[in-house]
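Given next are the chains, with one letter for each unit.
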Amino acid sequence: MRGVLAGMAVVTMGFLGAQALTLRANERPSLKGPNEDGTKPALVKIAGEGMMGSHAFQFLTELSDDVGARVTGSTGDHKAEEWGAAKMKAIGLENVHAEKYTIWKGWTRGSAEAELLTPVRHKLHVDAMGWTGSTPKGGAEGDVVAVNMFDLDNEIKNIARLKGKVVLVMMKGKPTKDGMSLFAQFGEFLKAAGPAGAIAVIGGQGGSKSAGMNLTHTGILGFNAEFAVPVVSMTAEDHGQLERFIARGLTPRARFNVQNTFTNGPVETANVVGEIRGRENPEQILVVGGHLDSWDLGQGTTDNGSGTATVLGAAEAIAHSGQRPRRTIRFVLFTGEEQGLDGSFAYVKQHQSEMASHLGNLVLDAGQGAVKGFQLGGREDLVEAFQPFADSLANFDKISVDDKVESGTDTLPFSMAGLPGINMRQDTADYKFTHHSAADALEAQKPEVLTQNATLMALAAFWIADRPERFAAPWPVARTAKMLVAQHEDEMLKVFGLWPRSSPEAEKKDETPK
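Rules of the game
Residues numbered from 1 in each chain as written. Predicted model: local features only at pLDDT ≥ 70, side-chain atom pairs only at ≥ 80, totals over all residues. Heavy atoms only, no water. Phe/Tyr/Trp six-rings, centres within 6.5 Å; stacked < 30°, edge-to-face > 60°. Helix = DSSP H or I, 4+ residues; strand = E, 2+ residues; numbered from the N terminus. Lys NZ or Arg CZ within 6 Å of the ring centre and 35° of its normal. Contact = heavy atoms within 4.5 Å. Pairing = 2+ DSSP bridges. Salt bridge = Lys/Arg side-chain N within 4 Å of Asp/Glu carboxyl O. Buried < 20%, exposed > 50% of the residue type's maximum accessible area, 1.4 Å probe, protein only.

This next bit is on the packing of aromatic side chains. If you walk through the whole model with that rule in mind, you get 16 aromatic pairs. Seen in terms of ring centroids, Phe386 and Trp463 are 5.7 Å apart; in terms of plane orientation they differ by 90°. Their pairing is edge-to-face. With Phe386 in helix 12 (residues 383-391) and Trp463 in helix 15 (residues 447-466), the pair connects residues that are 77 residues apart, well separated along the chain. Taking the ring centre of Phe262 as reference, the NZ or CZ of Lys105 above it sits at 5.7 Å. Directly above the aromatic system of Trp499 lies the positively charged group of Lys494, at a separation of 5.2 Å from the ring centroid.

Below, the discussion takes up the side chain of Glu62. Here Glu62 lies in helix 4 (residues 56-67). Each residue touching Glu62, except ones within four places of it in the same chain, is listed here: Val67, Trp83 and Lys87.

This next bit is on the pairing of strand 9 (residues 253-262). Sheet analysis places strand 2 (residues 107-118) next to strand 9, joined by nine bridges and oriented antiparallel. The residue of strand 9 that forms the bridge with Ser111 is Gln259. Looking at chain direction, strand 5 (residues 140-148) and strand 9 are connected through four bridges and run antiparallel. From the neighbouring strand, Ala140 faces strand 9, where its bridge partner is Phe256.

With the rule as written, the count across this model stands at 25 salt bridges. The residue Glu280 makes a salt bridge to Arg326 at a minimum N-O spacing of 3.5 Å. Residue Glu280 is located in the loop between strand 10 (267-276) and strand 11 (281-291), and its partner Arg326 is located in the loop between helix 9 (301-321) and strand 12 (327-334); the two are separated by 46 residues in the primary sequence. Here Glu280 falls in the partly exposed class, since its relative accessible area comes to 47%. You can call Arg326 buried: its relative accessible area is 18%. Members of the salt-bridge network, linked through shared partners, are Glu141, Asp143, Lys165, Arg253 and Arg255.

Structure representation (structure tokens):
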């Protein structure tokens, strides 16, 4: 997922839990890499185990072929949770358990069929977007009319014209709002289109065309959002033809039959957790994670089976090397990421009392490509300290370090709690094709790339957890808020009602020297 979110209460708790700590001058990270800080011998053993003894691709094969699609709250999700816990136990992790939570509603994909009736007749290739509704049983037909994504104010005012129509979302002219504001307003449009009597909305990509040849891409259209109107993704080839007909002044007519199912209320899911306990400061915790849930047009291999296998491969490399870090490494397979980072927000809420003892989290969730860098989730104060470690990886690749916040995955709740939500930046050239599509299958992942990514995750996790000085502690609310503004994340959080608010007293206490 490349979006966010889940609950003001969770976010606020994360911030307030982080507010008490800042690094004292004598605790600031020193600029020492593995060659200077004593961690290199252990890292060498972990690297050898990771590159020579990895079962990461075997894990990914099982998850893709034997478990398959894993929509949050579904039978596939629960099967994956059991599978993940069993793998953690087999690897030798400690304290393996599931941490249950609920999401607001479950959803099951049914069927999606469409046919162009005029001016020519042929099948249209579509798939439903997640948490969207159905046409009447047996389907319905209507004229195809265009709606401009860049003029949603007027489209909502004139919503009555969509009664009995199939809506084709297009991008005409130039946007007058930023992308996240448009995304939020698109949700308002969809909520209005259903009661207005629209048959279906062709708009899974918000007016842009699907990537790849004859591919659709599913996904959710908001953060924990549902829509009664059926919304579909259409292949670029079919979408382009409809656009051309309309541009010529023709009025295409089409028939849609989309059938999906919602649950009547909340459904249960769970994060899967296992640890390597620290030998000196076990109460200090680094979370290493990826998301276990997936969409359901393919096997869920690259989003985020690859991340799941990377986490398990990293855990295996450390556990089987015989090395134990100073601090605890907690491996977490999050669920609910695709619905709004629900699992990682649930983790922050459930572990509020110990967030002050967390070092941050480390996540891989950008597909099947090789790791090219580390993004430290807004913590510009840590970039210089992290660079010597990145330099030590030169035999793997040239690895960059920056302080970017990645708001589209499970790093965000940790960044919002004032901690480094560390994203492993990847080569994503092919990910646009497999992302949420039927092409998201095992064939997309090169085993040698996965092995190297898992090894790099293991090395980064161990170094952060084992270095003599504590790598990070949470920033207070005010400093975190200032960072989010500087990183241009504030508008998105405000648009969706997620900007954290603390008491005036807490804000005053947060006025610490920078």
